[in-house]
Amino acid sequence: MVCGVWSIDHGAWSTASSPQCAVHGSSCTVHSAWSTACGACQTMGRLRAAAAGIGRRPQPGTGPAKRSSGRCRETTAPQRGASCPAPAQPSAFHLFVDTAEIEAFRTSLLAWYDRCKRDLPWRRLAESEPDVDRRAYSVWVSEVMLQQTQVATVMDYYTRWMQKWPTLQALADASLEEVNALWAGLGYYSRGKRLQEGARKVVSELAGRMPRTAEELQKLLPGVGRYTAGAIASISYGQATGVVDGNVTRVLCRLRCLGADTSSPPVTEHLWGLAHTLVDRARPGDFNQALMELGATVCSPKAPLCAECPVRPHCWAQRRVEKELEVASRRLLGKAPSSCPPEPDIEECAAGASGSCPLCPPALEPWDGSLRVANFPRKAAKKQPRAERTATCVLERSGRRGEPEFLIVQRPSSGLLAGLWEFPSLLVAPELKEKQQREALAGHVRAQTGTAVAAGRLRHVGEVVHVFSHIHQTYVVYSLLLDGPRAAAPVKREEEPELPASRWVTKADFQAAAVSTAMKKVLQACERQSREEKMPRTVSKRKRGAAVEDAPRPPGRVKVGTDADGGLARGQLSLHTFLKAK
């Protein structure tokens, strides 16, 4: 017997001869079809989500929607042939179940976006580019750059990138060194490498034609995940698919009071279900950008501008705030809180109070009135980055034209900061004493330069702290000025282990090279110390009952102050003398 699809809007098995999603049809990208062979869910990940209590809500126009009683209840599918587990349906409190509300939400959000959207270079290019592959490429670049990076930072990088490599072919022909050099300072450097790998695959294996659906984009392109694929497909091709990033997560959690850990699989699947439900079928790209724009500019993490929100009437978190304010006002006036009407404007998820709802905040984390809508989303405690210490030596010599040159070496092709250039650096144990640290670094520098370096010659500059996403890195900075004739880069001998690539560069070359922000901080620390050493030092010695000059002052400068008796200090004119001189 053929096993159909359990319809969560009609509460019946699909009678279609070919199993398909009873909500979205055969083109569904949200639900999984049931196998006609074994009656098991074809996508185990979504089966686990369903078993955890996360169901899918109906699309507009697929049938009448029933309002929940306010409790997260499970629906059990009837037995038909083989036994098939049915997706559980959460409380309507956490869903969009009203077709009219969904249409109103779309209309309000898109109208606001048309009025208030920011003028961004990738949006202009996506709107004006007639070639579909170049349009998809431009969106792809912007989405990769915007991952974990602020819009203001990305704008300049994006403009320079598209000017240098306007097409997939141009990027595919570039060297990784060029890519790393342009990406330097943007962080998460593996993104640029994967972007180029994807461009080369499109050119060499796909004949220069970008995949045309979100599913193909995610499957065929390295580094393209669920969000990036959805963004490219909706903005470039008009595919009606939702997207979920950090901004969208925050907006959806507040709209439907989702207080569970957003990184958990059940909550993640529920967020994607809401995004697919809400996306406008006529303008999916604009809708997705509008939802992200709302989270970035209005529904911000700590100081949301709720009064300016175009979808405020649809926000359960805002209604919760208003309800709390009403109760507080009544208490202040000595009146009892109003009782709940038979048909309340906002339902409560009753299962959330008992801790059985996987979408509600944990019972041990009560509502904080001072946070207002910022009670949502709730995030799990962030894992602290591990601490590391690295000894770094800024090795300097005099160049051909007398300008200073610095030795930089290339990092391995994999791992943190892969392929970037840096000053000779050595990871050291935190408990290593300063003398041992110097000796270890001196040995490392000798290996890099081929020149014997005494540990005592290394001059301590200070410490530079740089925090990566998962590492709290402290660079212990030393400097060394090489005397005598210009030293050459080390030459590998047959018996020596493989040495990393190295080269001498001027300061201008260093700034233009593929070096990390951390290394630029290290060079700045050395330059700052050099400037301080060149400045004339003054020593102030004061004895009780007398005023002593600190140091000779430049002509024309007068020291202002008083002597020990309260009169004018030597060298300062009285007001009477000053007026006579005028």
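These numbers were taken from a predicted model, which means no experiment stands behind them.

(A) Highlighting the overall build of the chain. Of the regular secondary structure elements, the chain holds 19 helices and 9 strands. The buried share among the 582 residues of the chain stands at 43%. Within the chain, residue pairs in contact and separated by at least 24 positions form 65% of the contacts whose partners lie at least 6 positions apart. Split by element, the accessible area of the chain, about 30,700 Å² in all, is 53% carbon and sulfur.

(B) Broad picture of the packing of helix α11 (residues 246–255) against helix α13 (residues 284–297). Between α11 and α13, the least distance of the axes is 8 Å, while the angle of their chain directions is 80°. Between α11 and α13, the crossing angle belongs to the class labelled roughly perpendicular. Here Asn247, Val248, Arg250 and Val251 of α11 lie close against α13, whose contacting residues are Leu291, Met292, Leu294, Gly295 and Ala296.

(C) Seen up close, the pairing of strand β9 (residues 502–506). The element β9 is largely enclosed, with a buried count of 4 among its 5 residues. Relative to β9, strand β4 (residues 404–410) runs antiparallel, the two sharing 5 bridges. Looking at β9, one finds that glutamate 405 is bridged to threonine 506.

(D) Up close: the packing of α11 against helix α12 (residues 265–278). The geometry of α11 relative to α12 is characterised by a closest axis approach of 10 Å and an angle of 90° between their N-to-C directions. Comparing the axis directions of α11 and α12 gives the class roughly perpendicular. On α12, the residues that touch Thr249, Leu252 and Cys253 of α11 are Leu271, Leu274, Ala275 and Leu278. Residue composition of the contact of α11 with α12, by class: 6 nonpolar, 1 polar and no charged.

(E) Main features of the pairing of strand β8 (residues 471–481). With 9 of 11 residues buried, β8 is to be regarded as a mostly interior element. As judged from the 11 bridges shared by strand β3 (residues 386–398) and β8, these two strands associate in the parallel manner. Bridge pairing in β8 links alanine 387 to histidine 472. Hairpin connection between strand β7 (residues 459–467) and β8: a loop of 3 residues separates the two successive antiparallel strands.

(F) Main features of the side chain of asparagine 288. Mapped onto the secondary structure, asparagine 288 falls in helix α13. The exposure class assigned to asparagine 288 is buried, which follows from its relative accessible area of 2%. Only 3.1 Å separates the side chain of asparagine 288 from the side chain of serine 234, close enough to count as a polar contact. Excluding residues that lie within four positions of it along the chain, asparagine 288 makes contacts with Ser234, Thr241, Gly242, Val243 and Val279.

(G) Structural detail: the confidence of the model for the chain. This prediction gives the chain a mean pLDDT of 78; 70% of its residues lie at or above 70. Here residues 1–88 is a poorly scored stretch, pLDDT under 50, and it has 160 contacts once near neighbours within four places are set aside; other chains count. Ignoring residues within four places in sequence, the model shows residues 491–496, a span with pLDDT below 50, making 3 contacts including any to other chains.

Calculation rules
- Residues numbered from 1 in each chain as written.
- Predicted model: local features only at pLDDT ≥ 70, side-chain atom pairs only at ≥ 80, totals over all residues.
- Heavy atoms only, no water.
- Helix = DSSP H or I, 4+ residues; strand = E, 2+ residues; numbered from the N terminus.
- Buried < 20%, exposed > 50% of the residue type's maximum accessible area, 1.4 Å probe, protein only.
- Contact = heavy atoms within 4.5 Å.
- Areas by Shrake-Rupley, 256 points an atom, 1.4 Å probe, with all protein chains shown as cover.
- Axes fitted to C-alpha atoms, helices over the stretch in contact; angles between N-to-C directions.
- Parallel < 35°, antiparallel > 145°, perpendicular 65-115°, else oblique.
- Pairing = 2+ DSSP bridges.
- Nonpolar A, V, L, I, M, F, W, Y, C, P; charged D, E, K, R; others polar.
- Polar contact = N/O pair within 3.5 Å; in protein donor to acceptor, adjacent residues only side chain to side chain.
- pLDDT = per-residue confidence, 0-100.

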